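# Analysis of the macromolecular model
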Amino acid sequence: MEFAYIPVGQVPADRYPQVFMAAPLTLPKFRQQLILAILMVCALLMWTANTVLSTTLETLADPVRGPGANPGQLQWATGSYTLTFAALMFTAGASGDRFGHRTVFSSGLVIFAGSSLWAAYASDAGQLIAARAAMGVGSALITPAMMAILMWTFTGPARAAAIGIFSTSAGPAVPVPNRVRVPRTSDSTRPESRFCC
């Protein structure tokens, strides 16, 4: 059996379309800054969603003010987001390469927004766990697409600067839940508020 070796430059693009990628277009500076701001807001919301539940654990465990979740349910409510987010990250990245990162990014935003509303109005611990897992699915779709959009929006030295600025979006989200004061019961023997960790 003989194999024909063809230089890469002579391979017809219509025969192997997946090999060829168009060079990124240089966008106006205002549009680049707008895209970067949108991506940073999305990243901030995702990081906040990953940690903000720690501020409501006391309310969730209270059968009067909350659904009365047991410790196991609280653990699942906290971990279901991270579990689905980490498990589907690579699959979401491959989906972006196949179907387009903008399409996957938009789908992730819809899923994340809808599941966030579901989690906010969940009537029991089971619904909260399912909603948090769905939020993780949305975040998994958003994250690889964000990085791909960032790479294609900026070129040259501006790309390194954009990555540095984008990476700061996670900073404010992590310590915020630890600083939020959560009201406690009206029992006079207890402090009125506490710091959650």
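Shown above is the structure to which this text applies.
This write-up is about the structure you can find in this document. All figures in this text were calculated on a predicted structure; none of them were measured in a lab.

### Considerations on the layout of surface pockets
Of the volumes computed, that of the second largest pocket is approximately 330 Å³. If you go around the second largest pocket, you meet 14 residues; those closest to its centre are Val-52, Ser-116, Ala-119, Ala-120 and Met-135. Of all the secondary-structure elements, those providing two or more residues to the lining of the second largest pocket are helix H1 (29-51), helix H5 (101-120) and helix H6 (125-153). Here the lining of the second largest pocket is built from residues that sort into 10 nonpolar, three polar and one charged.

### Digging into the nonpolar core
Grouped together as the largest cluster of nonpolar side chains are 28 residues, with contacts concentrated most on Leu-39, Phe-105, Phe-112, Met-146, Leu-150 and Phe-166. Elements with a contribution of two residues or more to this core: H1, helix H3 (71-87), H5, H6 and helix H7 (157-167). Ranked by residues supplied to this core, first place goes to H6 with 10 residues. Setting aside residues no more than four positions away along its own chain, Phe-105 makes contact with Leu-39, Cys-42, Ile-142, Ala-145, Met-146 and Ile-149.

### Overview of the packing of aromatic side chains
How two aromatic rings sit relative to each other is given by the distance of their centres and the angle of their planes. According to the stated counting rule, one finds one aromatic pair in the structure shown. Aromatic pair Tyr-81 and Phe-85: ring centres 6.1 Å apart, planes at 20°, arrangement stacked. Of this pair, Tyr-81 and Phe-85 both sit in helix H3, four residues apart, which is roughly one turn of the helix. In this structure Tyr-81 comes out as buried when scored by relative accessible area, which is 2%.

### A closer look at the packing of helix H4 (residues 89-99) against H6
Put simply, H4 and H6 touch, their axes get as near as 8 Å, and they point 55° apart. Regarding the angle of H4 to H6, the classification is oblique. Relative to H6, the crossing made by H4 is right-handed. Residues Met-89, Ala-92 and Gly-93 of H4 lie in contact with H6, whose contacting residues are Ala-140, Leu-141, Thr-143 and Pro-144.

### Examining the environment of Leu-128
Position of Leu-128 among the secondary structure elements: in helix H6. If we skip the residues at most four places from it in the chain, Leu-128 touches Leu-60, Ala-77, Ala-119 and Ala-122.

### Remarks on the packing of H6 against H7
For the pair H6 and H7, interaxial distance at closest approach is 9 Å and the crossing angle is 150°. Along the contact surface, H6 presents Met-146, Met-147, Leu-150 and Met-151, while H7 presents Arg-159, Ala-162, Ile-163 and Phe-166.

### Looking at H3
Note on helix geometry: an α-helix contains 3.6 residues per turn, so any two residues three or four positions apart are oriented the same way. Compared with the 24 Å implied by 1.5 Å per residue over 17 residues, the 23 Å span of H3 between its first and last C-alpha is a close match. Along H3, the sharpest change in direction is near 40° and occurs at Gly-79. Among the residues of H3, Leu-74, Ala-77, Ser-80, Tyr-81 and Thr-84 are the ones counted as buried. Residues of H3 that are buried make contact with H1, helix H2 (57-61), H5 and H6. Capping the start of H3 is the job of one residue whose side-chain oxygen sits 3.1 Å from the backbone nitrogen of Gly-72: Asn-70.

What counts, and at which threshold
Residues numbered from 1 in each chain as written. Predicted model: local features only at pLDDT ≥ 70, side-chain atom pairs only at ≥ 80, totals over all residues. Heavy atoms only, no water. 1 Å grid on protein atoms, 1.4 Å probe; cavity = no way out; pocket = protein on both sides within 12 Å on 5 of 7 lines; lining within 4 Å. Points joined across faces, edges and corners; volume = space filled by probe spheres on them. Helix = DSSP H or I, 4+ residues; strand = E, 2+ residues; numbered from the N terminus. Nonpolar A, V, L, I, M, F, W, Y, C, P; charged D, E, K, R; others polar. Core = buried A, V, L, I, M, F, W, Y, C linked by side-chain atoms within 4.5 Å. Buried < 20%, exposed > 50% of the residue type's maximum accessible area, 1.4 Å probe, protein only. Contact = heavy atoms within 4.5 Å. Phe/Tyr/Trp six-rings, centres within 6.5 Å; stacked < 30°, edge-to-face > 60°. Axes fitted to C-alpha atoms, helices over the stretch in contact; angles between N-to-C directions. Parallel < 35°, antiparallel > 145°, perpendicular 65-115°, else oblique. Left-handed = near helix turned anticlockwise from the far one by under 90°. Expected span 1.5 Å × (residues − 1). Bend = angle between axes of the 7 residues up to and from the residue. Polar contact = N/O pair within 3.5 Å; in protein donor to acceptor, adjacent residues only side chain to side chain.

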